[in-house]
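Each chain, letter by letter, is given below.
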Amino acid sequence: MKAENEQRTGLLYGFGAYGMWGLVPLFWPLLRPSGAVEILAHRMVWSLAVVGVALLALRRWGWVRELLRQPRKLGLTTLAASVISVNWGLYIWAVNNGQVVEASLGYFINPLVSIAIGVLVLGERLRRAQWAAVAVSFIAVLVLAIGYGRPPWISLILAFSFATYGLIKKKLNMGGLESLTAETAVLFLPALGYLLWLGAQGQSTFASHGVGHSLLLAATGLVTAIPLVFFGAAAIRVPLSTLGLLQYLAPVFQFGLGVLYFHEAMPPERWAGFSLVWAALAVLTWDALRTSRRSRAALAMTPAPAATPAHEPA
């Protein structure tokens with residue numbers, strides 16, 4: 001009963017995390033007339049403040065000394081911070097420039113890009129269904145390039161940057177709260193310096209468009225940290241396969257907002273490209289569920305090791 005309650009709680013946290021990430025396109029337009037780079041700088045500064053308070057409350061500071069003693073890990077953290085700043089900055093720009101649908105495509109194809117990186121970088125071997133999914137997604141990108149009249153650069157950069165970020169995080173092996181703290185700490189001084197420079201140039205929008213606008217800019221820290229905390233709570237309560245399925249909620253919400261709320265154009269060739277991507281994801285999901293069931297069945301059929309008699313040496 002307790003396990004069921006834990007899993008139900010984990011699902012709620014998962015829905016909360018991916019739901020917030022899916023609805024975040026509604027937030028960034030509220031920050032106008034701030035530009036994407038200024039919003040990104042505020043996001044870095046205020047995120048560090050939020051996670052710093054959280055770590056202070058939890059008294060989890062031991063990892064900082066360990067990180068500073070490992071130059072390789074510190075270098076990977078700096079690289080992760082740089083990659084995620086590109087991802088965040090481009091996403092904010094895309095939303096505030098009427099490209100929500102193309103941005104959502106980036107997160108639809110992100111799992112497929114992660115698979116490709118696994119093959120090219122980690123030397124992983126793919127099953128037939130995974131090869132089929134990657135091939136269909138490649139065709140989808142070609143169809144979308146024809147539809148847009150150009151390659152879907154926003155989608156591709158978002159997908160590849162986030163997949164690269166995931167690869168670096170895999171090598172870092174740090175907790176979500178700790179890694180976000182380290183990454184925002186790396187970018188804190190450049191971000192703060194940029195904001196101070198904007199203020200000196202008279203181009204800062206902070207405190208010049210009313211208290212409400214300033215509070216919204218400060219809230220970027222909460223918008224960044226809260227979904228991550230929810231994700232961390234879900235990750236320890238639900239199976240990874242379930243979490244993998246929940247990740248599609250965010251781009252589904254983003255796509256829906258782009259079409260239904262922001263009224264972005266969806267000509268037939270764009271629908272065709274998205275349909276191919278969704279077909280590839282359906283194949284990928286089916287293969288993952290089938291493989292998971294087979295693994296559980298094989299584990300259940302494995303006989304338990306015989307108990308060692310008490311008089312024999314272990």
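As a starting point, this report considers the structure included with it.

So, how was this worked out
Along each chain, the written sequence defines residue order, and numbers are assigned to residues from 1. Local features are withheld for residues below a pLDDT of 70 in this predicted model, meaning they are given only at 70 or higher, and side-chain atom pairs are given and counted only at 80 or more; totals for whole chains, interfaces and linings count all residues. No hydrogens and no water enter the side-chain calculation; it runs on all heavy atoms of the structure. Secondary structure elements follow DSSP: runs of H or I no shorter than four residues count as helices, runs of E no shorter than two count as strands, and numbering proceeds from the N terminus. Only protein chains enter the area calculation, which uses a 1.4 Å probe; residues under 20% of their type maximum are buried, those over 50% are exposed, and those in between are partly exposed. Should any heavy atoms of two residues lie within 4.5 Å, those residues are considered in contact. The accessible surface values rely on the Shrake-Rupley method and a 1.4 Å probe; as for residues, cover is taken only from the protein chains in view. Positive charge is attributed to Lys and Arg, negative charge to Asp and Glu, and no charge count is given to His or to the chain ends. Note on charges: their place is set at NZ of Lys, CZ of Arg, CG of Asp or CD of Glu. To define axes, lines are fitted to C-alpha atoms, for helices over the stretch in contact only, and angles between the resulting N-to-C directions are given on a 0 to 180 degree scale. An angle counts as roughly parallel when it lies under 35 degrees, as roughly antiparallel when it exceeds 145, as roughly perpendicular when it falls between 65 and 115, and as oblique in every other case. What makes a crossing left-handed is the near helix being turned counterclockwise from the far one by less than a right angle; a clockwise turn instead makes it right-handed. Nonpolar residues are Ala, Val, Leu, Ile, Met, Phe, Trp, Tyr, Cys and Pro. Charged residues are Asp, Glu, Lys and Arg, and all others, Gly as well, are polar. Within 3.5 Å is the distance limit for a polar contact, defined as a pair of N or O atoms, with the added protein rule that one can donate a hydrogen and the other accept it, and that residues adjacent in sequence qualify only through two side-chain atoms. Note on definitions: salt bridges are taken to be side-chain nitrogens of Lys or Arg within 4 Å of carboxyl oxygens of Asp or Glu. A pair of aromatic rings is counted whenever rings of Phe, Tyr or Trp (Trp by its six-membered ring) have centres within 6.5 Å, and the orientation is called stacked for planes under 30 degrees apart, edge-to-face for over 60 and tilted otherwise. Lysine NZ or arginine CZ positioned within 6 Å of the ring centre and within 35 degrees of the ring normal marks a charge as sitting over the ring.

1. Here's the deal with the overall build of the protein
Thought 1: Each helix and strand counted, the protein has 13 helices and 0 strands in total.
Thought 2: Ordered by position in the sequence, the α and β elements of the protein form the string α-α-α-α-α-α-α-α-α-α-α-α-α.
Thought 3: Seen through its principal axes, the protein has C-alpha atoms that stretch 80 × 55 × 40 Å.
Thought 4: Buried positions account for 43% of the 314 residues belonging to the protein.
Thought 5: Pairs at least 24 apart in sequence give 86% of the contacts found in the protein among residues at least 6 apart.
Thought 6: As presented, the protein carries roughly 16,900 Å² of accessible surface, and 69% of it is formed by carbon and sulfur atoms.
Thought 7: When the 23 basic and 12 acidic side-chain charges of the protein are each reduced to a single mean position, those positions are 3 Å apart.

2. Concerning the packing of helix H5 (residues 100–120) against helix H12 (residues 249–261)
How two helices pack is summed up by the angle between their axes together with the distance between the axes.
Thought 1: Contact geometry of H5 with H12 gives a least axis separation of 8 Å together with a crossing angle of 165°. The orientation of H5 relative to H12 falls into the category roughly antiparallel. Of the two possible hands of crossing, H5 and H12 adopt the one that is left-handed. Between H5 and H12, the contacting residues are Val 100, Val 101, Ala 103, Ser 104, Tyr 107 and Phe 108 on the first element and Pro 251, Val 252, Gln 254, Phe 255, Gly 258 and Val 259 on the second.
Thought 2: Taken together, the residues of the contact of H5 with H12 break down into 9 nonpolar, 3 polar and no charged.

3. Section: the side chain of Thr 224
Thought 1: The topology assignment puts Thr 224 in helix H10 (residues 220–235).
Thought 2: Accessibility expressed as a relative area gives 6% for Thr 224, which makes it buried.
Thought 3: Polar contacts involving the side chain of Thr 224 include one to the side chain of Arg 43, which spans 2.6 Å.
Thought 4: Apart from the residues within four sequence positions on either side, Thr 224 is in contact with Arg 43, Ser 47, Trp 88 and Leu 180.

4. What about the side chain of Glu 264?
Thought 1: Topologically, Glu 264 is positioned in the loop between H12 and helix H13 (268–301).
Thought 2: For the buried Glu 264, no salt bridge is present, and the opposite-charge side chain at shortest range is Arg 270, 5.9 Å distant.
Thought 3: Reaching out from Glu 264, the side chain makes a polar contact with the backbone nitrogen of Gln 99 at a distance of 3.5 Å.
Thought 4: Polar side-chain contacts of Glu 264 include one of 3.1 Å to the backbone nitrogen of Val 101.

5. Describing the environment of Gly 221
Thought 1: Positionally, Gly 221 belongs in helix H10.
Thought 2: On the accessibility criterion, Gly 221 (0% relative accessible area) is buried.
Thought 3: Residues Gly 221 and Trp 153 lie 68 residues apart in sequence; the distance between their C-alpha atoms is 27 Å.

6. Brief notes about the pattern of salt bridges
Thought 1: Taken as a whole and judged by the stated rule, the model has 5 salt bridges.
Thought 2: The salt bridge partner of Glu 102 is Arg 150, with a shortest N-O separation of 2.8 Å. Taken together, the residues Glu 102 in helix H5 and Arg 150 in the loop between helix H6 (128–148) and helix H7 (153–172) connect sequence positions 48 residues apart.
Thought 3: The exposure class assigned to Glu 102 is buried, which follows from its relative accessible area of 0%.

7. Some thoughts on the packing of aromatic side chains
Thought 1: Applying the stated criterion across every chain yields a total of 18 aromatic pairs.
Thought 2: Ring centres of Tyr 13 and Phe 230 lie 5.3 Å apart, and the angle between their planes is 85°; on these two criteria the pair is classed as edge-to-face. Of this pair, Tyr 13 sits in helix H1 (residues 2–23) while Phe 230 sits in helix H10, placing them 217 residues apart in sequence.
Thought 3: Judged by centre distance (6.4 Å) and plane angle (40°), the rings of Trp 46 and Phe 206 are tilted. Of this pair, Trp 46 sits in helix H2 (residues 36–58) while Phe 206 sits in the loop between helix H8 (176–200) and helix H9 (211–218); the two residues are 160 residues apart in sequence, bridging distant segments of the chain.
Thought 4: Exposure remark for Phe 206: the relative accessible area of 33% places this residue in the partly exposed category.
Thought 5: Three or more aromatic residues joined by ring pairs form one cluster here, namely Phe 108, Phe 255, Trp 271, Phe 274 and Trp 278.
Thought 6: Seen from the ring of Trp 88, Arg 43 lies directly overhead, with NZ or CZ sitting 4.0 Å from the centre.

Just distances and angles here, no functional claims.
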